[in-house]
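Each chain, written out:
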Amino acid sequence: MPKEQEFLYASGRIRYLETKLLNKNLVDRLMEAESVEGVIKALGDTAYAEDFGEIDNIYEFEEVLENNLLKTLKTISDSIKDNRIIRYFTLKYDYHNLKVCVKGKIMGDLKKEYFSKLGLPAEHYIKFAYEEKSDELPKNIQDAFNKAMAIYEETLDPQQIDIYLDKVLFEELESIVKDIKDPFLEGYHKAYVDLLNIKTFVRVKNMNMDLRVLLKALLPGGSIPVEFFEKKFQEPIEELAESLSSKDYYGVIKEGIENWMETKNPSHYEKLMDNYLINYLKKGLYKPFGIEPVIGYLGAKEHEIKVLRIILVGKINGIKEDFIEERLRELYV
């Protein structure tokens, strides 16, 4: 377990960076803007101003958000010795790029712009896909690529690529969490996996799929055992929440599943899930130093970018303010 004293310098920098996070007053201003140009103007005094100033096309906002997060990750990485924490938050981008690589290889359409700059470089994946060997990509990534290709050749089902690579990703995330041995990160990760697995359970049940589909899709690393889901699969979905009434996130699944059943849409569940996780991370605001502020801030920055994306997409598509507001998440500060 990392010692709290190792994060003294990082915690000081994070306290400053927290003052730059979006707050409710600013988000209200973004929502009141009549156009996406108005949103960008309102961001003129924020950490996003410089990045937005470098683009010519408003539709390139995803690149802006990615560049901003990349800067954040570098700042924190330069401030701490234990980069396993950074790895926990960036690993999903490596696997995003791996999915792009596998599917691009299958479709014969491997383009650099499809890859995330937050993961391992696109050039490494593209070179490996064509040459089938690499000194740059880690062996586990190469092995996962080969296995994913074999799964597709056997099933001809692109969804099986996602299912397999998601499972490998969460196996590696679980390994990182166990290696760091920090209770705060362990609690966050277990809740994250549980809520994802519950979402998968409800989706599979709603689509009248076979139990075998669920078992293949469940992710490792949560606190709810596979046997629980196997047993509950034979029961009505509505009974799931009460079986988990002792969990801190009970309110999320109770309200979220009820709304899902009523609307046939998981968006409210996803919003409640995000709100629960960001509120868990807020514990980092109340520790003067240690690993909690680092994890809290990194999670908060990703969460903030999700909120900005919802607003920008809504404004670009001319969606009414009240509908955008329904999808907005709670903020970290």
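Now for a description of the structure that goes with this document. (Residues numbered from 1 in each chain as written. Predicted model: local features only at pLDDT ≥ 70, side-chain atom pairs only at ≥ 80, totals over all residues. Heavy atoms only, no water.)

As a further point, take the overall build of the protein. A tally of helices and strands in the protein yields 17 helices and zero strands. For 333 residues, the compact-globule formula gives about 20 Å, and the C-alpha radius of gyration of the protein, at 21 Å, lands near that figure. Projected onto its principal axes, the C-alpha coordinates of the protein cover approximately 50 × 50 × 50 Å. Classification of the 333 residues of the protein by burial places 50% in the buried group. The long-range fraction of contacts in the protein, counting pairs at least 24 apart against all pairs at least 6 apart in sequence, stands at 66%. Accessible area of the protein: about 16900 Å², with a carbon and sulfur share of 50%. Averaging the coordinates of the 48 positive side-chain charges in the protein and doing the same for the 60 negative ones gives two points 2 Å apart. (Helix = DSSP H or I, 4+ residues; strand = E, 2+ residues; numbered from the N terminus. Rg over C-alpha atoms; globule rule 2.2 N^0.38 Å. Buried < 20%, exposed > 50% of the residue type's maximum accessible area, 1.4 Å probe, protein only. Contact = heavy atoms within 4.5 Å. Areas by Shrake-Rupley, 256 points an atom, 1.4 Å probe, with all protein chains shown as cover. Lys, Arg positive; Asp, Glu negative; His and termini not counted. Charge placed at Lys NZ, Arg CZ, Asp CG, Glu CD.)

Reported here for the second largest pocket is a volume of approximately 220 Å³. Considering the residues around the second largest pocket, the lining is formed by 17 residues, among which L17, A47, N68, T72 and K301 are closest to the centre. Of all the elements in the fold, those that place two or more residues in the lining of the second largest pocket are α1 (8-18), α4 (49-53), α5 (61-77) and α16 (291-316). Broken down by element, the lining of the second largest pocket gets its largest block of residues, four residues, from α5. Taken together, the residues of the lining of the second largest pocket break down into seven nonpolar, four polar and six charged. (1 Å grid on protein atoms, 1.4 Å probe; cavity = no way out; pocket = protein on both sides within 12 Å on 5 of 7 lines; lining within 4 Å. Points joined across faces, edges and corners; volume = space filled by probe spheres on them. Nonpolar A, V, L, I, M, F, W, Y, C, P; charged D, E, K, R; others polar.)

Following the criterion strictly, the structure yields 27 salt bridges and no others. Salt-bridge contacts for E302 lead to K92; the nearest nitrogen and oxygen are separated by 2.9 Å. Taken together, the residues E302 in helix α16 and K92 in helix α6 (residues 84-107) connect sequence positions 210 residues apart. Note on K92: relative accessible area 30%, which makes it partly exposed. Between R329 and D274 there is a salt bridge whose closest N-O contact spans 2.9 Å. Of this pair, R329 sits in the segment after α17 (321-327) while D274 sits in helix α15 (residues 267-281), and the two are 55 residues apart along the sequence. (Salt bridge = Lys/Arg side-chain N within 4 Å of Asp/Glu carboxyl O.)

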